[in-house]
Each structure stands twice: as structure tokens, then as C-alpha cells.
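Survey of secondary and tertiary structure
Listed below, chain by chain, are the residues.
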Amino acid sequence: MMKQEGKAIVGKDPLAKIIDDKKLALCVECGKCVASCPMAEFYDRFSFLFSARGVIKKALLGLDILNDSNIWFCLECELCARLCPAGVKYAEFVEDIRQLAISEGITENSVICPRCGRYHQPLPTVGRLKEILAGSGLDGEFTELCPQCRRDDVAEKFAFPPVTVKSGVIRHQTG
């Protein structure tokens, strides 16, 4: 990818637009994102390949980032973005490229809520959460449904009556 004054030259390519909007070309490779990243503690194995720096480097080199399984490891905590001296918005980048990948039918690393059909978590995160929660009886409850469907499920279990809020969306009254 060509750079011009710290910005990627953007055509009609949606990936190039995301790379430009999230300021990836401004990365100075200081390593603050990798040093602060909770993925190193969360996953049993941590690699440069799925670190923020690794994914940014691959994106800027024009590699096929949408089909790269490493985009699905980020926990989207935004700690890297808060510490980045160049203003790179890595967690937003990951969120946007995951949505782009899903829109292009690349879904093997995404978990879709069986209740509403929306994407809600990356498969590596769900897999690791299941490992952590194994034996607690909570692994299915916290990994299968999206947050909204999980709330609705709990409300239905406790028979809270539905109420309509200002947005017009029906929610379950919790007390």
C-alpha cells in the first residue's frame, strides 16, 4: 500500500478506507500496543502474528487480512488505542474489518447468536472462554447467546413482563 504524508491512498476499496480511517499508516512501531495487550494473558499462546503490530503490518503490506484468522483474536478492549502515541485506532479497525469479512461471507471465525442470527463474538475468544469456564456450568450461558439475547433469556426464565422503552424496542422489566 502506498503512503502519502502518513495517510494511505484510498480508492473505492472498503478495506483501504478502513485502514485510512483508523490511521494504521501512522503506526510508528513503538510496541506499546503489544506490551499492554491483555491477549498475552488471556490466550495460552500469544504471537506477533495476532498482535496489533503484526496485524497492522500485514494490513499495510496489502496481505489478505480479511481471510487472516489472526484478526479474530483481539479482545477489543481499546487499551492499545488509548496508549498509542500516533493515534492508531486498532480495536475499531478490528471491529470494522471483522464486519467487512462477515459481509463478504468470511464467517468461519465468528460466532453467530443462534437466537437472533447476529454476530456477537470471535471464535477464538469463545473457545478460550469455554476453556476458562469449563466445569462451572456457565460456559454455554456466557458464550452462546449475544448480550441482548442473554438478557432476554434471563428475563424469560424469571418471567419478567416485557415493557416498551422510548426507543420502541421491547425489553423485559426486571423489577
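In this numbering scheme, every chain counts its residues from 1 along its sequence in written order. Reporting in this predicted model follows two pLDDT cut-offs: at least 70 for local features of residues, and 80 or more for side-chain atom pairs to be given and counted; totals over whole chains, interfaces and linings ignore these cut-offs and use all residues. Hydrogens and water molecules were not included; the side-chain quantities draw on all heavy atoms of the structure.

1. Some remarks on the overall build of the protein chain
Helices and strands together make up the secondary structure of the protein chain, namely nine helices and six strands. Under the scheme applied here, a residue whose accessible area is under 20% of the maximum for its type counts as buried, over 50% as exposed, and between as partly exposed, the area being computed with a 1.4 Å probe on protein chains only. Out of the 175 residues in the protein chain, the part that is buried amounts to 37%. Excluding contacts between residues fewer than 6 apart, the proportion of contacts in the protein chain whose partners are at least 24 apart in sequence is 51%. With an accessible surface of roughly 10,100 Å², the protein chain has 55% of that area assigned to carbon and sulfur atoms. Elements are defined by DSSP. Helices are runs of H or I of four residues or more, strands are runs of E of two residues or more, and each kind is numbered from the N terminus. In this analysis, two residues are considered to be in contact whenever any of their non-hydrogen atoms come within 4.5 Å of each other. We get accessible surface area from the Shrake-Rupley algorithm with a probe of 1.4 Å; when it comes to residues, only the shown protein chains can shield them.

2. Brief notes about helix 6 (residues 90-103)
In this scheme, a helix's expected span is set at 1.5 Å multiplied by one less than its residue total. Over its 14 residues, helix 6 runs 20 Å from end to end, which matches the ideal 20 Å to within 8%, given 1.5 Å per residue. Within the span of helix 6, buried status applies to Y90, A91, F93, V94, I97, R98, L100, A101 and I102. Looking at the packing, one finds that the buried side of helix 6 touches helix 1 (14-21), helix 4 (52-60), helix 5 (79-83), strand 3 (110-112) and strand 4 (119-122). Once helix 6 ends, the next one or two residues include G105, with phi positive near 85 degrees.

3. Notes on unusual backbone geometry
Excluding glycine, residues mostly carry a negative phi; peptide bonds, for their part, are mostly trans. Positive phi values are uncommon outside glycine, yet K23 reaches one of about 65 degrees. When you line up the elements, K23 lands in the loop between helix 1 and helix 2 (32-36). With phi around 55 degrees, E76 is a residue other than glycine that occupies positive phi space. On the secondary structure map, E76 appears in the loop between helix 4 and helix 5.

4. What to know about the pattern of salt bridges
One side chain can pair with another of opposite charge once the charged atoms of both are near each other. A pair is scored as a salt bridge if a Lys or Arg side-chain nitrogen falls within 4 Å of a carboxyl oxygen belonging to Asp or Glu. Tallied over the full model, the rule gives eleven salt bridges. E92 serves as the salt-bridge partner of K22, at 3.2 Å between the closest nitrogen and oxygen. A residue pair is termed long-range when its members are at least 10 positions apart, and K22 in the loop between helix 1 and helix 2 and E92 in helix 6 qualify at 70 residues. K22 gets classed as buried once you look at its relative accessible area, which sits at 13%. Where E144 meets K130, a salt bridge forms, and the shortest distance between an N and an O atom there is 3.0 Å. Here the residue E144 occupies a position in the loop between helix 8 (139-143) and helix 9 (147-157), and K130 occupies one in helix 7 (residues 123-133), the gap between them amounting to 14 residues. Judged by relative accessible area, E144 falls into the partly exposed class, the value being 32%. Overall, the relative accessible area of 32% leaves K130 in the partly exposed class. Through salt bridges that share partners, K22, E92 and D96 make up one connected network.

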